[in-house]
Amino acid sequence: MRRFATLFEALDRTSSTSAKRDAMAAYFADAPAQDAAWAVYVLGGGKLKRTATSTELRSALAAETRYADWLIDDCYQHVGDLAETIALMLPRDDESREDTALHVWMEARLPSLGRMESAERIEVLREWWRGLPREQVFLVNKLLTGSLRVGVSHRLVVQALAQWAQLPTDLIAHRLSGTWKPGAEAFAALAGPERPDEHAGERPYPFFLASPLEQDVTALGPTADWLAEWKWDGIRAQVMRREDHVLIWSRGEERLDGRFPEIELAGADLAPGCVLDGEILAWTPDEAHPLPFAALQKRIGKLKPGAKLLADTPVRLMAYDLLELDGIDLRERPLSERRASLAALIEGRGPTLMLSPAVDASEWSALTTVRTESRERRTEGLMLKRLDSPYRVGRKRGDWWKWKVDPYTIDAVLLYAQPGHGRRSGLFTDYTFGVWDGDALVPVAKAYSGLDDAEIGRLDRWIRAHTIDRFGPVRSVEATHVFELAFEAIQASGRHKAGVAVRFPRILRWRTDLAIRDADKLDDLRRLATG
Amino acid sequence: MDSDLLLPRPEGLYCPAGDFFIDPMQPVARAVVTHAHGDHARSGSALYHVASAGGALMRERLGAGSDIREHAWSERFPLGDTVISLHPSGHILGAAQVRIEGRGKVAVVSGDYKRDPDPTCEPFEPVPCDVFVTESTFGLPIYRWPPMSEVVDDMLGWLDECRERGVAAVLFCYALGKAQRVLAELATRTDRTVHLHGAMLRLVEAYREAGVRMLPTAPVSESARGKDFAGELIMAPPSAAGSTWMRRFGKASTGFASGWMQVRGARRRRGYDRGFVVSDHADWPGLLRSVEDCGAKRIYVTHGDGEALIRHLRDTGHDAFPLRSLGGSMPDLRSSEEGD
Ligand SMILES: [Zn+2]
Ligand SMILES: [Zn+2]
């Protein structure tokens, strides 16, 4: 663990991506494969199943330090991270320590807590803490409670592995995709020479992601070089037809098998060695448009959907790319060619496999007009894809753009605040906003992002001085400040007090020019709701 | 009544029995000033009493024309119906605690203080008293300062790393107190010249004149045009971070020396590559120890959000109150971070 702690410190101590990549590559070259495998896993954002609750961690801390619960809470509020609070509050003791390997922590020690009674778990935690230097107390707690957050993306881990293994990043990304299981052999296999059948397995191809179009659309050049499609509001997925079965992978690289039997059935009808990329949508037969995302959500949550749910909320795959056909990787072929093959492949296969239609327009101006229909068509806008582009890996700018319609906006009042985490820890940065329902303000959205550091600091000071009430970390504040929020969609929701739920809310600006009476009304929001 | 000796007023903390203010924020007739930081020493008052050890810094801060009376450590002098003496607080060069004897009681206003050793100033002197006014800038048990030798190791490691990578090492810290302490601590381990931002030059000189041994320094502004700062240590006040002044160093790794660097989120929020935990204020154990050492019956807490310290002191059998509970009114000093 000492070696990994040193790596973590090196990553935490620089904002330079190249320095981070070098540090990881050096670690991969140096560390025992079994530990390096777990480092790949946790740095890439992987977590263990949680085996101790925050309450248990606090109890263990209270027992170990004899500090009052309120003082522990105050410290946690101030630090914003429980793992770190514990590391800072425990007595420092710099005697020589045992050093347990990272893989032992991940494979044996941390999972073992899950098999214990709560009281025993607390004792074992205290025992561990006593034997560890402060940095490792922090790391062990982090591994126990969630992700590391050290400014390293999955992509950067892939690049570091590629640097160490001296292989192309795309190949490493593919080898890591899907449910990669950490282990010495798996780690060594990441660096092995490329095999011809490498892609025939069960792992999905790394998804190619579009970037938001920020420049004027005419800057993209001639319209004829581009394919325009609707930007569907569903679940991005790869459907893989393998020798004797069909797999569905989400963009988050989770297996969705079992949840969408109608798509698996349609996929089984294709010849083996074929991979489609597309969007899963809830769509009632004979309707012109898909059901709202909220309907699809019912399906996502059900591992084995019953007959009624299948009948009420059927799904289909809106296919827009073909990554493999007859066992051959097509990703380097131009989009125009992949799309022609895709059209030929699914032609006449019925509604469950649909080809995402091209939105035809000879001029950007015509597309701009068509784009205004996006909402009525239950889409989020348009996708623009360069016809001669390969299917790339990750979010590479230039070939795929998402050209979303302008989001909805509302003016809402700040009602609650709580401290953020990570970079924002210790500051009140997580806000809840409300709108008027009669003469009461009801919460409708939570938002974290959108203010600059100066505004966050100003608001933080204001919140501390104008707290009405505290509920754990949450403070209710005087209704004073109005913010303009943007969001992508709004739906009726029985689970929310306000009766509506907004998707992807974010703060556009602090409306210091508005008083709280100028904030929007819940009725206006209900009218916008689509389902 | 404690308020005979200490009463918060809009101008600052007032002593009715002695008719003087301690660290007034506005011009007054008579002031006793604990130390030269901007949130304690303000110009415009008619008369100042200060510790001799900090006399030169005070003249620098208050202006040469100010009427400044200097007093040796522990020298007793009368003010109104009280007898005053000044005692080292260990915060920065010449920083004093104010002992007030009057109306049959002894009160000590500790100003800013720390208990950790510091080669640039006299160590904190515990002064027995009935009423103790303590700061609480770092009033939570997560603040426990590492030994300075460890921090110096860390700084030297950082300098080596910067030299290896061919980048400049820019260390931000407060210009008065912290900068000199770091220069003095580093002087025990290396003899490299440190390049200084203009705002630090006169203050470093004042410390040298007071006999503090520090690393050799050179003003950044006097460096040759196009000088390569790769592998060099530069020190600057935090206000220079992100300014155009930084451009001359090309690629640089940045560090910040402050007690706030104890918390990872605080460092990441400020965007420094490295945080070095060095503070001129007392940490949590230092605060508790000082309360015990002075043996006061009543503790008043100021300078920072003292809620947790007060509650903890009460839980452990002390009579502790926020300073404002003495009545009157006084603006909160917590807006300044100078010297943290
Ligand atoms: Zn100070
Ligand atoms: Zn101060």
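As the structure is a computational prediction, the values presented were derived from the model and not from experiment.

**Q** Sorry if this is basic, but what is going on with the domain arrangement of chain B here?
**A** Often, the extent of an interface is quoted as the loss of accessible area on bringing the components together. Residue and element names in this part refer to chain B. Its domain assignment divides chain B into domain 1 (2–142 + 281–326) and domain 2 (148–276). Put simply, the middle of domain 1 and the middle of domain 2, counted by C-alpha atoms, are 30 Å apart. Between domain 1 and domain 2, the contact holds 16 residues from the first and 16 residues from the second. Summing the contributions of domain 1 and of domain 2, the shared interface buries around 1,300 Å²; its carbon and sulfur component is 69%. Three residues stand out in domain 1 for area buried against domain 2, namely Glu60, Thr120 and Phe138, and they jointly supply 34% of the buried area on that side. Where domain 1 touches domain 2, the interface holds 2 salt bridges. Its salt-bridge partner being Arg202, residue Glu60 comes within 2.7 Å of it at the nearest N-O pair. One can count 4 residue pairs in polar contact (both at pLDDT 80 or more) joining domain 1 with domain 2. Grouping the amino acids of the side of domain 1 that touches domain 2 by side-chain chemistry returns 8 nonpolar, 3 polar and 5 charged.

**Q** Would you explain the pairing of strand 9 (residues 379–386) of chain A in this entry?
**A** Note on strand geometry: in a regular strand, side chains alternate between the two faces of the sheet. All names here are of chain A. With 7 of its 8 residues buried, strand 9 lies for the most part within the structure. Two strands pair when backbone bridges link them, and strand 2 (residues 226–232) and strand 9 are joined in this way by 6 bridges, in the antiparallel orientation. For Ala228, the partnering residue across the bridge sits in strand 9 and is Leu384. Here strand 9 runs beside strand 10 (residues 400–404); their pairing, made up of 5 bridges, is antiparallel. Of the residues in strand 10, the one forming a bridge with Lys385 is Trp400.

**Q** For this particular structure, what's the right way to read the pattern of salt bridges?
**A** Here the idea is simple: oppositely charged side chains can pair when their charged atoms come close. All names here are of chain A. Counted by the stated rule, this structure contains 51 salt bridges over all chains. Put simply, Arg130 and Glu127 hold a salt bridge, and the shortest N to O gap is 3.4 Å. Placement of the pair is Arg130 and Glu127 together in helix 8 (residues 118–130), with a separation of 3 residues, close to one helical turn. Judged by its relative accessible area of 41%, Arg130 is partly exposed.

**Q** Would you mind going over the nonpolar core with me for this structure?
**A** One broad trend across soluble globular proteins is that nonpolar side chains are buried collectively. Grouped together as the largest cluster of nonpolar side chains are 118 residues, with contacts concentrated most on Phe4, Met24, Phe28 and Leu43 of chain A. Not counting residues up to four positions away in its chain, the partners in contact with Phe28 of chain A are Ala36, Val40, Val157, Ala160, Leu161, Trp164 and Phe187 of chain A. Formed by 51 residues, the second largest nonpolar core is a distinct cluster that contains Phe21, Leu57, Val167 and Ala257 of chain B.

**Q** Would you explain the interface of chain B and chain A in this entry?
**A** Taken together, the contact pairs 24 residues of chain B with 31 residues of chain A. Where chain B abuts chain A, roughly 2,500 Å² becomes buried across the two surfaces, and 48% of that area is made up of carbon and sulfur atoms. A per-residue breakdown of the area chain B buries against chain A is headed by Arg144, Arg264 and Arg269 of chain B, which together make up 28% of the total. The tally of links from chain B across to chain A stands at 3 salt bridges. The closest approach of N and O atoms between Arg13 of chain A and Asp154 of chain B, which form a salt bridge, is 3.5 Å. The interface formed by chain B and chain A holds 9 residue pairs in polar contact (both at pLDDT 80 or more) in total. The element contributing the most residues to the side of chain B that touches chain A is helix 5 (residues 264–270) of chain B, with 5 residues.

**Q** Please clarify how the sheet that holds strand 9 of chain A should be interpreted in this entry.
**A** Across a sheet, paired strands are connected by hydrogen bonds in the backbone, their directions being either parallel or antiparallel. Spatially, 1-10-9-2 (chain A) is the arrangement adopted by the 4 strands of the open sheet, whose pairing is mixed. The sheet is open, and its two edges are formed by strand 1 (211–212) and strand 2 of chain A, each paired on a single side.

**Q** When you look at the packing of aromatic side chains in this model, what are you seeing that I'm missing?
**A** The geometry of an aromatic ring pair is captured by the separation of the ring centres together with the interplanar angle, meaning the angle of the planes. All names here are of chain A. Overall, the coordinates contain 32 aromatic pairs over all chains when judged by the stated rule. Ring geometry for Phe4 versus Tyr27: centroids 6.2 Å apart, planes at 65°, classification edge-to-face. Taken as a pair, Phe4 in helix 1 (residues 2–12) and Tyr27 in helix 2 (residues 17–30) lie far apart in primary sequence, 23 residues in all. Considered together, Phe4 and Tyr27 belong to a single accessibility category, that of buried residues. Each residue in the set Phe4, Tyr27, Phe28, Trp164 and Phe187 is aromatic and connected to the rest through ring pairs, giving one cluster. The residue whose ring lies beneath Arg375 is Tyr408, and the NZ or CZ to ring-centre distance is 3.7 Å. Residue placement shows Lys385 over the ring face of Tyr320; its charged tip is 4.2 Å from the ring centre.

Thresholds, definitions, all that
Residues numbered from 1 in each chain as written. Chains lettered and ligands numbered in written order. Predicted model: local features only at pLDDT ≥ 70, side-chain atom pairs only at ≥ 80, totals over all residues. Heavy atoms only, no water. Domains from an automatic or database assignment. Contact = heavy atoms within 4.5 Å. Buried area = accessible area lost by both parts, 1.4 Å probe. Salt bridge = Lys/Arg side-chain N within 4 Å of Asp/Glu carboxyl O. Polar contact = N/O pair within 3.5 Å; in protein donor to acceptor, adjacent residues only side chain to side chain. Nonpolar A, V, L, I, M, F, W, Y, C, P; charged D, E, K, R; others polar. Buried < 20%, exposed > 50% of the residue type's maximum accessible area, 1.4 Å probe, protein only. Helix = DSSP H or I, 4+ residues; strand = E, 2+ residues; numbered from the N terminus. Pairing = 2+ DSSP bridges. Core = buried A, V, L, I, M, F, W, Y, C linked by side-chain atoms within 4.5 Å. Phe/Tyr/Trp six-rings, centres within 6.5 Å; stacked < 30°, edge-to-face > 60°. Lys NZ or Arg CZ within 6 Å of the ring centre and 35° of its normal.

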